[in-house]
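Residue-level structural notes
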Amino acid sequence: MNPTRTLLVAAGFTGMVLAAVYYTARGPAPTALAAASAPGLRGSEGGASVFSQFEPSGVAATADQVRPSLIGSSGRIVDLGGKTVAQYVAQYEGAARLGDADSAYKVYLAESLCAAGSSQRDMEQGDHASSAASAAHADAAHLCAAVTPAEVQERLKFLALAARTGQAGAQVDFFLEGPDGTGKIPSTGSDPASPDVKRWKDDALDHLKDAAGQCDPLAAGLLATSYSSGKFNAQDSSQAIAFDLLAAATGNGKWSRERLQAQFGAGMKAGAFDAAYADGVQAAREACPQAKVQ
């Protein structure tokens, strides 16, 4: 299991579902987080297919009624408005190349569908591919017609632009994509340490903190897990406490003082837990002023 999946499993699917609810509560948005049933957020790593389908609750859907859920490489559901990826990108690419962050994020999301579709096809090749998988492949070929591999990889540049402007969704996606768009994140203990990977890690951590400061539930949960495990950045109990409290303020889990003390208190110096808890409560109140933080 790669570190991205480890972090996400530890953060829990409750956080993912609550994150989707959170985005919906803030108003209409073009994307939502895909709450897949298998471990991991990325569709190419055991989650829902990029073209997984759903049926209305309690209704036996016909072929005409079933609508595909288009899931990008970071795990977000993307609405192309009935267009192909190339048609959708054509609407926004000009503005994106001129530096418009909203347009850049839209281009990223559309092209991320082709990245996810390509990974899914690679996994499902072979004599035992199901008819449903074959149909999904045909849909992917139509959706991503005229989109080149270079354009699919270029999505990461558009994503980086959107993340730098402080868009919380883009900032989370920047982390989930990993440094090369595969979702694989080198651990601090491996020999990763090319300048590009180090720069990406620094940027990803800054982006997650910025998103968490905007009361983003998934960013807060990812940071809490990361500082607790030390698999992405240095292990830090005080930071883990702070982001656990922030995650709770966003609605991503419940963390009482007693639970946090049981998990972290024994390994901290006298008074350090009390100070970390007080700082975490204050930070959570500042990031999520409408939340009730004990």
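Now for a look at the structure at hand. (Residues numbered from 1 in each chain as written. Predicted model: local features only at pLDDT ≥ 70, side-chain atom pairs only at ≥ 80, totals over all residues. Heavy atoms only, no water.)

Re the overall build of the protein
Keep this limit in mind: Here a strand is any run of E in DSSP of at least two residues, a helix any run of H or I of at least four, and the numbering for each starts at the N terminus. Throughout, exposure labels follow a simple rule: accessible area from a 1.4 Å probe, protein chains only, divided by the maximum for the residue type, with under 20% read as buried, over 50% as exposed, and the rest as partly exposed. Where accessible areas are quoted, they stem from the Shrake-Rupley method and a 1.4 Å probe; at the residue level, only the protein chains shown are allowed to cover.
Along the backbone of the protein there are twelve helices and two strands. Written out in order from the N terminus, the α and β elements of the protein read α-α-β-β-α-α-α-α-α-α-α-α-α-α. Out of the 294 residues belonging to the protein, those deemed buried represent 49%. About 14,200 Å² of surface is accessible on the protein, with carbon and sulfur atoms providing 52% of the total.

Things to note about the packing of helix α7 (residues 168–177) against helix α9 (residues 217–229)
Stated precisely, the cut-off is as follows: Between N-to-C directions, angles span 0 to 180 degrees; the directions come from axes that are lines fitted to C-alpha atoms, helices contributing only their stretch in contact. Put simply, angles under 35 degrees are roughly parallel, angles over 145 are roughly antiparallel, angles from 65 to 115 are roughly perpendicular, and the rest are oblique. We call a crossing left-handed when the near helix sits turned anticlockwise from the far one by less than a right angle, and right-handed when that turn is clockwise. Two residues qualify as a contact provided that any one of their heavy atoms is within 4.5 Å of a heavy atom in the partner residue.
Across the interface, α7 lies against α9 with an axial gap of 9 Å and an inter-helix angle of 40°. By the angle between their directions, the pair α7 and α9 is classed as oblique. In this structure, the crossing between α7 and α9 has a hand that is left-handed. Listed contacts from α9 to Val172, Phe175 and Leu176 of α7 are Leu218, Ala219 and Leu222.

Some remarks on the state of the cysteines
Note the cut-off: In what follows, a disulfide is any cysteine sulfur pair within 2.5 Å.
Overall, the coordinates contain two disulfides when judged by the stated rule. With its sulfur 2.2 Å from that of its partner, Cys114 forms a disulfide with Cys144. Here Cys114 and Cys144 share a disulfide; its torsion about the S-S bond, -105°, makes the bridge left-handed. In this pair, Cys114 is assigned in helix α4 (residues 101–124) and Cys144 in the loop between α5 (131–143) and α6 (149–164), connecting sequence segments 30 residues apart. When its relative accessible area of 13% is taken as the criterion, Cys144 is described as buried. Residue pairing for Cys215: its cysteine sulfur links by disulfide to Cys288, the two sulfurs lying 2.1 Å apart. With the S-S bond torsion at 115°, the cross-link from Cys215 to Cys288 turns out right-handed. One end of the pair, Cys215, is in the loop between α8 (195–213) and α9; the other, Cys288, is in the segment after α12 (272–287), and 73 residues separate them in sequence. Judged by relative accessible area, which is 4%, Cys288 ranks as buried. Ordering the disulfide-forming cysteines of the protein by sequence position, one finds them joined as 1-2, 3-4.

Observations concerning the pattern of salt bridges
How we decide: By salt bridge we mean one thing: a side-chain nitrogen of Lys or Arg within 4 Å of a carboxyl oxygen of Asp or Glu.
A complete count under the given rule lists seven salt bridges for this structure. One salt bridge connects Arg199 with Asp196, and the closest N-O pair in it is separated by 2.9 Å. Taken together, the positions of Arg199 and Asp196, both in helix α8 and three residues apart, correspond to about one turn of that helix. Judged by relative accessible area, which is 47%, Arg199 ranks as partly exposed. Exposure remark for Asp196: the relative accessible area of 53% places this residue in the exposed category. A salt bridge links Asp274 to Arg257, with the nearest nitrogen and oxygen atoms 2.5 Å apart. Remark: Arg257 occurs in helix α11 (residues 257–264) and Asp274 occurs in helix α12; sequence separation between them is 17 residues. Overall, the relative accessible area of 30% leaves Arg257 in the partly exposed class. Among the charged side chains, a network of salt bridges with common partners joins Glu93, Arg97 and Glu154.

A closer look at unusual backbone geometry
With phi around 75°, Ala146 is a residue other than glycine that occupies positive phi space. Topologically, Ala146 is positioned in the loop between α5 and α6. The class for Ala146 is exposed, based on a relative accessible area of 68%.

So, the side chain of Ser103
Considering the arrangement of structural elements, one finds Ser103 in helix α4. With a relative accessible area of 8%, Ser103 lands in the buried category.

Observations regarding the nonpolar core
The condition is simple: Nonpolar core, defined: a set of buried Ala, Val, Leu, Ile, Met, Phe, Trp, Tyr and Cys residues in which side-chain atoms within 4.5 Å join the residues together.
Residues Leu80, Val85, Val172, Phe175, Ile241, Leu246 and Leu260 are the most contacted members of the largest nonpolar core, which totals 67 residues. The element that contributes the greatest number of residues to this core is α4, accounting for nine residues. Apart from residues no more than four positions distant in its own chain, Leu260 is found in contact with Ile241, Asp244, Leu245, Trp255, Gly265, Phe273 and Tyr277.

Such coordinate-based values are descriptive only and should not be taken to indicate function.
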